[in-house]
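# Architecture at a glance
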Amino acid sequence: MFFAEQTNRFANSPVIRQSGLQFGLTAEIPLGAVAQPALDASVSVHKGLRLGNHIFSLPLGILDPFVRTVTTFNIRVGTTTGIDFPIFKVGENIVVAPRGDLVLMSILARQEQKIKDSISFHAYLDVVGRLGTNVSSLLSQGVNTQIGYGIG
Amino acid sequence: MRVVETENFSFATSLDLRNSDITTINLNRWVKGIIDSGKVSSKNPPLDTKPALRAVAGVHSAYTFNPSLCLVTNLEGGYAESSSRSKSAGFAISTVAALSTNWDHVIGVPVGTSVGIGYRQIPEVDDGTTAEVTFILHRFRYTGTEHFSLGTQFSWVFSSIQGVDPRVSMIIAAQDMKFYY
């Protein structure tokens, strides 16, 4: 099976401790032609998030029970599906646009570093923007931005 | 920090400290202030910035039923300041449960998916002024290599905006890259 071939190839690969980018380069070269460092037995079995031979597809935005070194980048875009806003009165003028939407966009960069077999440290930076798409939604919700950072 | 790990089960705890600066352009207050007072004053600034601190502890688990199916759970709780200045800070929780499926074992295609449901009181600027959010998520991920991951996630978020609309739904699409070392 394709999966079994993939699994065995990774399990026996001497470049398992190298980064994803480095792997992309070395994968093009026959393994016998390069110097092969000894495989460290302490390399996490969770490389790529594996447990009980299951490779995970973990939801974004939550922490997980795995300890490993990983760099994450993600970008999000979103929109509401129609919001009923109140009628606004600005001076003598009534702004009537009973329905509107909010749009959202965010980017995040996160680094998790394995310190010991059971402990890791993470740090991240994210920027979020949210704004209305018409007069009513802009008046009601304004423009919101958030720049956040965290450690754990 | 990993606490327990067996062949099919993993359990870990976490601490997360986060600080944010939230800036809001309040057009409604600004325009009304100009009309009422005839000028821009400190009482009607267009920009409003506040910090929001969050310190939460969490427990996280994963249990693999078989190579194709796994359950992931996540529960976090702690002190969280709201993104809205009018709301007070306090204790808040967030929880997610998701089923992760690896289709490689089933159809030979290196794709993983997960479906999950979550509930969040911990405020995010995404949610506006609401206090409680429920969401459903569906994620696709390429699993052909263990050195990096490419994934796409769609989330349907259900919340409310106080005084505006009690039932707001939002669709969010996310694209991510992860590099494992």
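All of these numbers come straight from a predicted model, not from anything done at the bench. (Residues numbered from 1 in each chain as written. Chains lettered and ligands numbered in written order. Predicted model: local features only at pLDDT ≥ 70, side-chain atom pairs only at ≥ 80, totals over all residues. Heavy atoms only, no water.)

### Let's talk about the environment of L17 of chain B
Mapped onto the fold, L17 of chain B is located in strand 2 (residues 9-25). Look at L17 of chain B and you get partly exposed, because its relative accessible area is 42%. Sequence separation between L17 of chain B and Y79 of chain B is 62 residues; the distance between their C-alpha atoms is 9.7 Å. If near-sequence neighbours (up to four positions away) are discounted, L17 of chain B is found in contact with Y124, Y149, G150 and I151 of chain A together with L53, R54 and A55 of chain B. (Helix = DSSP H or I, 4+ residues; strand = E, 2+ residues; numbered from the N terminus. Buried < 20%, exposed > 50% of the residue type's maximum accessible area, 1.4 Å probe, protein only. Contact = heavy atoms within 4.5 Å.)

### Let's talk about the interface of chain A and chain B
Buried accessible area, meaning the area lost when the parts come together, often serves as the stated size of an interface. Taken together, the contact between chain A and chain B spans 83 residues of the former and 84 residues of the latter. Interface area, chain A with chain B, both sides summed: about 7,100 Å², of which 57% is carbon and sulfur. Put simply, chain A and chain B have one salt bridge between them. Between R18 of chain B and D126 of chain A there is a salt bridge, with the nearest N and O atoms lying 3.0 Å from each other. Here chain A is connected to chain B by 31 residue pairs in polar contact (both at pLDDT 80 or more). When residues of the side of chain A that touches chain B are assigned to their parent elements, the largest contribution, eleven residues, is made by strand 3 (residues 70-80) of chain A. (Buried area = accessible area lost by both parts, 1.4 Å probe. Salt bridge = Lys/Arg side-chain N within 4 Å of Asp/Glu carboxyl O. Polar contact = N/O pair within 3.5 Å; in protein donor to acceptor, adjacent residues only side chain to side chain.)

### Description of a nonpolar patch on the surface
Taken together, I115, I119, F121 and I151 of chain A together with M1, V3, V4, L17, L53 and Y79 of chain B make up a surface patch of nonpolar side chains, about 830 Å² in accessible area. Of all the elements in the fold, those that place two or more residues in the nonpolar patch are strand 9 (119-132) of chain A together with strand 1 (2-5) of chain B. With relative accessibility at 48%, the residue M1 of chain B sits in the partly exposed group. (Patch = residues over 30% accessible without salt bridge, like charges linked within 9 Å, V, L, I, M, F, W, Y side chains within 5 Å. Areas by Shrake-Rupley, 256 points an atom, 1.4 Å probe, with all protein chains shown as cover.)

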